[in-house]
Amino acid sequence: MTTDVTLDDLARSVLHESDPISKARASQDAAAVWRCGIVSVEHGPVEDRPARPDHPELEAPQAMPRRRALTTPAGRVALLHALAHIEFNAIDLAWDITARFPGQPDAFYTDWIAVGDDEARHFLLLHDRLTALGSHYGALPAHDGLWQAAQDTSDDLLARLAIVPLVLEARGLDVTPAMIERLRQVGDEDSVAVLEVIYRDEDDHVASGSRWFNHVCHTRGLEPEDTWRQLVRDRFKGKLKPPFNDQARSKAGLMPSFYAEWDTGTIR
């Protein structure tokens, strides 16, 4: 069986879609096509930014209002909306890394397309939960920090892997268990169930980041730990914030020796 569909076609079907639900569905559909094994690995030019909806309104991270307590419905909506925004951006991040960096093994594209599939499922789960709480994605402002990190690493695959999966997504391994516990304490088991799915998949996503970061370091003759630390210093605008979930990070291949300097406070 032959097809004229290319990897570039699949990525564009997601990155050029602005409607949030349609983008998530496009990601799932594109992943299903890729899994059929009939897509040619061809790349084209990639825009700086994917298509975006009119809402949510994007603000600087420091301008975002403080979230309300999770004991109130409004507080839970604010938390879930922030998470939905992360997952919405994560769909594009997965397809951007797939489209932007040619010349990688097919397994590389398979891994990141699977991540894009997962992120779409996460977004739809959060969308449904927001709807059940009387809200929707786009109802609250959000910040553009995730895509700024993508733009800041658009020139180098190694930098992208160091910052997006191994800093930003690894942060999810640190903070999600506490969010689950807080939601459980206020009796929101439906939201707990959604976050447990996301947390379980985050481990696989960080593992993909670790695996391909080490692979690219090996191909370039670089030592992974020192390279990661230097890239974080040079390319990450925020700060690494302990405490770290050493158990989950280690399971995903991100060993404490990578970030020990931050954990002890000797860096930043």
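See the structure above.
What counts and what doesn't
Residues numbered from 1 in each chain as written. Predicted model: local features only at pLDDT ≥ 70, side-chain atom pairs only at ≥ 80, totals over all residues. Heavy atoms only, no water. Phe/Tyr/Trp six-rings, centres within 6.5 Å; stacked < 30°, edge-to-face > 60°. Helix = DSSP H or I, 4+ residues; strand = E, 2+ residues; numbered from the N terminus. Expected span 1.5 Å × (residues − 1). Buried < 20%, exposed > 50% of the residue type's maximum accessible area, 1.4 Å probe, protein only. Salt bridge = Lys/Arg side-chain N within 4 Å of Asp/Glu carboxyl O. Contact = heavy atoms within 4.5 Å. Core = buried A, V, L, I, M, F, W, Y, C linked by side-chain atoms within 4.5 Å. Axes fitted to C-alpha atoms, helices over the stretch in contact; angles between N-to-C directions. Left-handed = near helix turned anticlockwise from the far one by under 90°. Nonpolar A, V, L, I, M, F, W, Y, C, P; charged D, E, K, R; others polar.

### Thoughts on the packing of aromatic side chains
In step 1: This structure, assessed with the given rule, holds eight aromatic pairs.
In step 2: Consider the rings of F123 and Y137, whose centres lie 5.3 Å apart with planes at 90°: the pair is edge-to-face. With F123 in helix α4 (residues 106-132) and Y137 in the loop between α4 and β2 (142-143), this pair connects stretches of sequence that are 14 residues apart.
In step 3: With centroids separated by 5.8 Å and ring planes inclined at 70°, the aromatic side chains of W228 and F258 adopt a geometry described as edge-to-face. Highlighted residues: W228 in helix α8 (residues 224-235) and F258 in helix α10 (residues 256-263), separated in sequence by 30 residues.

### Observations concerning helix α3 (residues 73-100)
In step 1: Here α3 contains 28 residues, and its C-alpha end-to-end distance of 40 Å stays within 8% of the 40 Å for a straight helix at 1.5 Å per residue.
In step 2: Judged by how many residues are buried, α3 sits mostly within the fold: 25 of 28 residues are covered.

### Focus on the pattern of salt bridges
In step 1: Taken as a whole, this structure holds 24 salt bridges when the rule is applied.
In step 2: Here D92 and R52 are joined by a salt bridge, their closest N and O atoms 2.4 Å apart. Note that D92 is positioned in helix α3 and R52 in the loop between α2 (20-35) and β1 (58-59), a separation of 40 residues in sequence.
In step 3: Residue D92 is classed as buried on the basis of its relative accessible area of 0%.
In step 4: Its salt-bridge partner being R129, residue D188 comes within 2.9 Å of it at the nearest N-O pair. Of this pair, D188 sits in the loop between α6 (157-185) and α7 (189-220) while R129 sits in helix α4; the two residues are 59 residues apart in sequence, bridging distant segments of the chain.
In step 5: Beyond isolated ion pairs, a larger network of salt bridges with shared partners links E225, D226, R229, R233 and E261.

### Remarks on the environment of V206
In step 1: With respect to the secondary-structure elements, V206 resides in helix α7.
In step 2: On the basis of relative accessible area, V206 is assigned to the buried category, the value being 0%.
In step 3: Sequence separation of V206 and I21 is 185 residues, and the distance between their C-alpha atoms is 25 Å.
In step 4: When near neighbours in sequence (up to four residues on either side) are disregarded, V206 contacts P165, L166, E169, A170, L173, A252 and L254.

### Digging into the side chain of R229
In step 1: The residue R229 is located in helix α8 in this model.
In step 2: Assessed through its relative accessible area of 11%, R229 is described here as buried.

### A word on the nonpolar core
In step 1: Membership of the largest hydrophobic core comes to 71 residues, with the highest contact counts inside it found for W95, F123, L161, F213, W228, V232 and L240.
In step 2: With 13 residues, α6 is the single largest residue contributor to this core.
In step 3: Residues in contact with W95, not counting those within four places in the same chain, are L10, A11, V14, L15, S27, A30, A31, I113 and G116.

### Remarks on the packing of α2 against α4
In step 1: Packing of α2 against α4 brings their axes to within 9 Å, and their N-to-C directions diverge by 145°. Regarding α2 and α4, the two cross each other, and that crossing is left-handed. Seen from α2, the contacting residues are P20, I21, A24, R25, S27, Q28, A31, W34 and R35; seen from α4, they are D106, Y109, T110, I113, G116, D117, A120, R121, F123, L124 and H127.
In step 2: Among the residues forming the contact of α2 with α4, the class breakdown is 10 nonpolar, five polar and five charged.

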